Amino acid sequence: MKRSLPTILILLSTILMAALILPTPALADGGEGGLTYTQTINGYTIHLVFQKPAFVGENPIHIQILDAAGMPITGADVEVSLEEPASHAEAETAPTATSQSVMSGMGANPTMMPTSAPDSMSGMGGSPAVAPTSTPASMSNINSMSPVSSEHDQMGMVALEPGAENGEYEGELAIESEGELVVRAHITIQGELMEVDFPLHVEKSKTGAVVLSTFGFINAVILGAAFVLKQKSSKKA
Amino acid sequence: MSDLVQLPVKQPVQAPVQVKSTNLLKNKYIGTFMKSKWYPGIIQWPTLLVFMVIMFELLLGPTSAHDNFGTALTWVLWWPVIPIMFLFLGRFWCAICPFATINDLVQKFVGSNQPAPKFLKKYGIWIIDALFIFVTWSDHVFGIVENPVGSGILLMTLTTGVVASGAFFERRTFCRYVCFLGGLSGNYARNGMLQLRGTPEICATCTVAACYKGSDKAQPCPLFEFPKTMTSSANCNICASCAKNCPNDSIQLTLRPPSKELWFIKKPKVEEAFLSAVIMGIVFVQNVTMLEAWPPMLRWLENAVGTTSYAVTFSIAFLVSMLIPISLLGLTSWVAQKFNGETMITNFTRFGYALIVLDMAGHMAHNLFHLLAEGKSIWFTGLAFIGQEVGHGLSTALMDPATIQMLQFGLVGIGFLGSLYTAYRIAKANYTQEKLWGTFVPYAVLMVVLGIINVYLFVLPMAMRM
């Protein structure tokens, strides 16, 4: 018994360690509901849907494109990139059009508010275009040790594939840091390129604190067991 | 260490000619410092403090590796510097390692000091081999280096391991039998330039063995070594406990040429030879995943195995990378056995040690890029850590890529020559003149092949960590 107790404890902590060694993506807030961001540009309505609130890690995303009549647009080339607002002040005071020059003068009326219904695509509507000047944000492919997805090209663009429904495009967006970011969708419909920005808030990850407290608990159990064992041994002696 | 796979030594290894070397412990400053109560604590405690800062940053700091001071200190500074340290100072890092300090602290307060489990003593190196492979695999599949939290989990896992070990088992059981970095450092320390040994003439008459058992002056050897019979630096961390304990002033700390220990391994072990081949495979895989050919290879694998799971495709590529040096060493040993009449396993085990020099050079060359091309990131993230504004888009490079590449080639060249010479010395120490060249030439060809692969991999541009 004297020997089996530490052996059992070592075994248990080894199993726990093995379970914990597998890093998991950092969830922003663990919420179940997704978020839909909606923008309108050149008469098209673009919905960007996150299945869960955006978190640090690989985020499955969908983009749905509807024309002015609400009909889904198929056959579009859709790519997204993650950008970083150069200045929030600039974004608030100097909104600019987001589309390429071919779209100048057209009425882009994106809504800025995300809605919590993932599939309803609600929240469409007109409000002034807000397009913060942005710079490329850090993407996962800067790292030497990370697998560079074949869908991430050298500019940090992620190509979305046609989804299950007409007008739907899906893929995964790697987010590396929390805070205010911009998802820029590069959409080509019948040779016409449009760029539309979706401001995105990625909340600070709590994973580190969870990991720290979990390991703290395991270590406390080990130390407690060792203390008890030592007390017993010294009493016997 | 395992006794199961010790080789039958058909011919005694020719003992090295003893060359008188200066005992550094006789130096007024070095000897006084190392035998004082301040050593190695005066370096250990600041290291523990830095480790706590790193843990704080990794788990509670910026989630992007690019911005994380802990990531920069760990993977841009410490990981590239550690093999250099092994070369010049042997396994000294293990004396000041924060995990060892935690082990000692836990042991002091709640440790029950039971003997190390027999299975660890028997299979320790295999466990280390398996852990080293697992951690490298996990890094690619789950992201340890690229993900501060992933790095934090790795370090917390090691911390939990040493806490458990220190709580129940004697000395530094974890460091000796489990730590994967300990296994790596043990192999590299054999190639190191620092050697601690007892003086044979003095130790021969000693009946105290205070170096192993400890005394009121210092703790016993933390890594279960007995300087009287010690022939390898693999498990000596230069903590100088033995020097403090020895009543006869027998302990000598001397300098030696790099790789010298590898020439005269008396009891080579297959698991250690296997680890040296594995390290070569790991250097390959670290480089291969950065090649332009990697994405097409990945797609080919995806089509071949019918899954896009990176865990599956990378595992296959990882396995192949491991198998290349292992099978090349095996093939060479099979050829060599025709000339020296020993078994393939005996040849594999004996000459596997010759790979260590090239391993170390490849490892250093790979990480030299991260240190020199991303070195300033330590400064930038450090400034951000203390709340200073750092400009965007600043270069992190300390040197231009062409210079770094030249240094990499230089290192690989030195490593190749070192491995080649080591193979020659191993052959010379174990075989008669008529068998010497027949044994050496196949291994010389192997070193040329491995050297060319390494050079080719460093020709290609590498990606950054930060």
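Because the structure is predicted, anything quoted here is derived from the model rather than measured.

Peer 1: Describe in detail the overall build of chain A, supporting the description with residues and values.
Peer 2: If you tally the helices and strands in chain A, you get three helices and ten strands. For chain A, the proportion of its 237 residues judged to be buried stands at 40%. Of all intrachain contacts in chain A linking residues separated by at least 6 positions in sequence, the fraction that spans at least 24 positions is 67%.

Peer 1: Quick rundown of the overall build of chain B? Include the residues and the values.
Peer 2: From N to C terminus, chain B includes 21 helices and two strands. Its C-alpha radius of gyration of 23 Å places chain B within 12% of the 23 Å reference for a compact globule of 466 residues. Once the C-alpha set of chain B is aligned to its principal axes, its extents read approximately 65 × 60 × 40 Å. The 466 residues of chain B split such that 51% are buried. When contacts within chain B are restricted to residue pairs at least 6 apart in sequence, long-range pairs at least 24 apart make up 81% of them.

Peer 1: Explain helix H21 (residues 433-459) of chain B residue by residue, including any values.
Peer 2: Residue and element names in this part refer to chain B. For H21, which comprises 27 residues, the first-to-last C-alpha distance of 39 Å matches the rise-based estimate of 39 Å (1.5 Å per residue) to within 8%. Buried residues of H21: Thr-439, Phe-440, Pro-442, Tyr-443, Leu-446, Met-447, Leu-450, Gly-451, Ile-453, Asn-454, Leu-457 and Phe-458, and no others. Against helix H14 (270-288), helix H16 (310-340), helix H17 (344-352), helix H18 (355-374) and helix H20 (401-430) lie the buried residues of H21.

Peer 1: So, the confidence of the model for chain B: which residues are in play, and what are the values?
Peer 2: Residue and element names in this part refer to chain B. Scored by pLDDT, chain B has a mean of 91; 94% of the residues are at 70 or more. For the stretch residues 1-10, pLDDT sits under 50, and the model shows 18 contacts to residues farther than four places along the chain or on other chains. Taken over the whole predicted complex, pTM reads 0.75, whereas the ipTM for its chain interfaces reads 0.86.

Peer 1: Residue-level account of the pairing of strand E10 (residues 192-202) of chain A, with values.
Peer 2: All names here are of chain A. The pairing of strand E9 (residues 179-189) with E10 spans eleven bridges and is antiparallel. Looking at E10, one finds that Leu-181 is bridged to Leu-200. Hairpin connection between E9 and E10: a loop of two residues separates the two successive antiparallel strands, and Gln-190 in this loop has a positive phi of roughly 50 degrees.

Peer 1: So what's going on with the sheet that holds strand E1 (residues 35-41) of chain A? Residues and values would help.
Peer 2: All names here are of chain A. Spatially, the five strands line up as an open sheet ordered E1-E2-E3-E8-E7, and their pairing is antiparallel. In this open sheet, the two edge strands, each paired with only one partner strand, are E1 and strand E7 (161-162). Sheet analysis places strand E3 (residues 57-66) next to strand E8 (residues 168-175), joined by eight bridges and oriented antiparallel. When the bridges of E8 are listed, Ile-61 appears paired with Gly-171.

Peer 1: I'd like to hear about the domain arrangement of chain B, residue by residue, with values.
Peer 2: All names here are of chain B. Here chain B is described as being made up of domain 1 (24-189 + 194-255) and domain 2 (267-459). Measuring from the centre of the C-alpha atoms in domain 1 to the corresponding centre in domain 2 gives 24 Å. Domain 1 puts 27 residues into the contact, and the matching count from domain 2 is 31 residues. Secondary structure elements with two or more residues in the side of domain 1 that touches domain 2: helix H3 (69-89), helix H6 (118-143) and helix H9 (180-189). Of the residues forming the side of domain 1 that touches domain 2, the biggest block, eleven residues, is contributed by H3.

Peer 1: Quick one: what's the story with the packing of H14(B) against H16(B), residue by residue and with numbers?
Peer 2: All names here are of chain B. The interhelical angle for the contact between H14 and H16, taken along N-to-C directions, is 135 degrees, at an axis separation of 8 Å. Between H14 and H16, the crossing angle belongs to the class labelled oblique. In this structure, H14 crosses over H16, and the sense of that crossing is right-handed. On H16, the residues that touch Ala-277, Val-278, Met-280, Gly-281, Phe-284, Val-285 and Val-288 of H14 are Ala-317, Phe-318, Ser-321, Met-322, Ile-324, Pro-325, Ile-326 and Leu-329. For the contact of H14 with H16, the per-class residue count stands at 13 nonpolar, two polar and no charged.

Peer 1: Lay out H14(B) in plain terms, naming residues and giving numbers.
Peer 2: Along an α-helix, residues three or four apart share an orientation, since each turn contains 3.6 residues. With 19 residues, H14(B) extends 27 Å from end C-alpha to end C-alpha; this agrees with the ideal 27 Å at 1.5 Å per step. A large share of H14(B) lies buried, amounting to 18 of its 19 residues.

Peer 1: Could you give an account of the nonpolar core, naming the residues involved and the relevant values?
Peer 2: If you look at soluble globular proteins, the nonpolar side chains tend to sit buried side by side. Ala354(B) and Ala423(B) are the most contacted members of the largest nonpolar core, which has 128 residues in total. Here the element with the most residues in this core is H18(B); it accounts for 13 residues. Setting aside residues up to four positions removed in sequence, Ala354(B) forms contacts with Leu262(B), Ser419(B), Thr422(B), Ala423(B), Ile426(B) and Tyr443(B). Core analysis: the second largest hydrophobic core is formed by 34 residues, Tyr37(A), Val80(A), Tyr169(A) and Ile187(A) among them.

Peer 1: So what's going on with the environment of Thr71(B)? Residues and values would help.
Peer 2: If you trace the backbone, Thr71(B) turns up in helix H3. When sequence neighbours within four positions are dropped, the list of residues in contact with Thr71(B) reads Leu58(B), Ala65(B), Pro148(B) and Ser151(B).

Peer 1: Tell me what's going on with unusual backbone geometry, and back it up with residues and numbers.
Peer 2: All names here are of chain B. Residue Pro-40 is reached from Tyr-39 by a cis peptide bond, and omega for that bond is -5 degrees. One can find Pro-40 in the loop between helix H1 (28-35) and helix H2 (41-60). Despite not being glycine, Ala-209 shows a phi value in the positive range, around 55 degrees. Tracing the sequence through the fold places Ala-209 in the loop between helix H10 (200-203) and helix H11 (210-213). Here Ala-209 falls in the partly exposed class, since 16 other C-beta atoms lie within 10 Å of it.

Peer 1: Describe in detail the pairing of strand E4 (residues 77-85) of chain A, supporting the description with residues and values.
Peer 2: All names here are of chain A. Counted residue by residue, E4 has seven buried out of nine residues, so it is predominantly covered. One ladder, built from seven bridges, connects E4 with E9; its direction is antiparallel. Within E9, the position partnered with Glu-83 by the bridge is Val-182.

Peer 1: Describe the environment of Val221(A), and please don't skip the residues or the numbers.
Peer 2: Mapped onto the secondary structure, Val221(A) falls in helix H3 (residues 207-236). In this structure the C-alpha to C-alpha distance between Val221(A) and Ile175(A), which are 46 residues apart in sequence, comes to 35 Å.

About the criteria used
Residues numbered from 1 in each chain as written. Chains lettered and ligands numbered in written order. Predicted model: local features only at pLDDT ≥ 70, side-chain atom pairs only at ≥ 80, totals over all residues. Helix = DSSP H or I, 4+ residues; strand = E, 2+ residues; numbered from the N terminus. Buried ≥ 20, exposed ≤ 12 C-beta atoms within 10 Å, placed from the backbone. Contact = placed C-beta atoms within 7 Å. Rg over C-alpha atoms; globule rule 2.2 N^0.38 Å. Expected span 1.5 Å × (residues − 1). pLDDT = per-residue confidence, 0-100. Pairing = 2+ DSSP bridges. Domains from an automatic or database assignment. Axes fitted to C-alpha atoms, helices over the stretch in contact; angles between N-to-C directions. Parallel < 35°, antiparallel > 145°, perpendicular 65-115°, else oblique. Left-handed = near helix turned anticlockwise from the far one by under 90°. Nonpolar A, V, L, I, M, F, W, Y, C, P; charged D, E, K, R; others polar. Core = buried A, V, L, I, M, F, W, Y, C linked by C-beta atoms within 7 Å.

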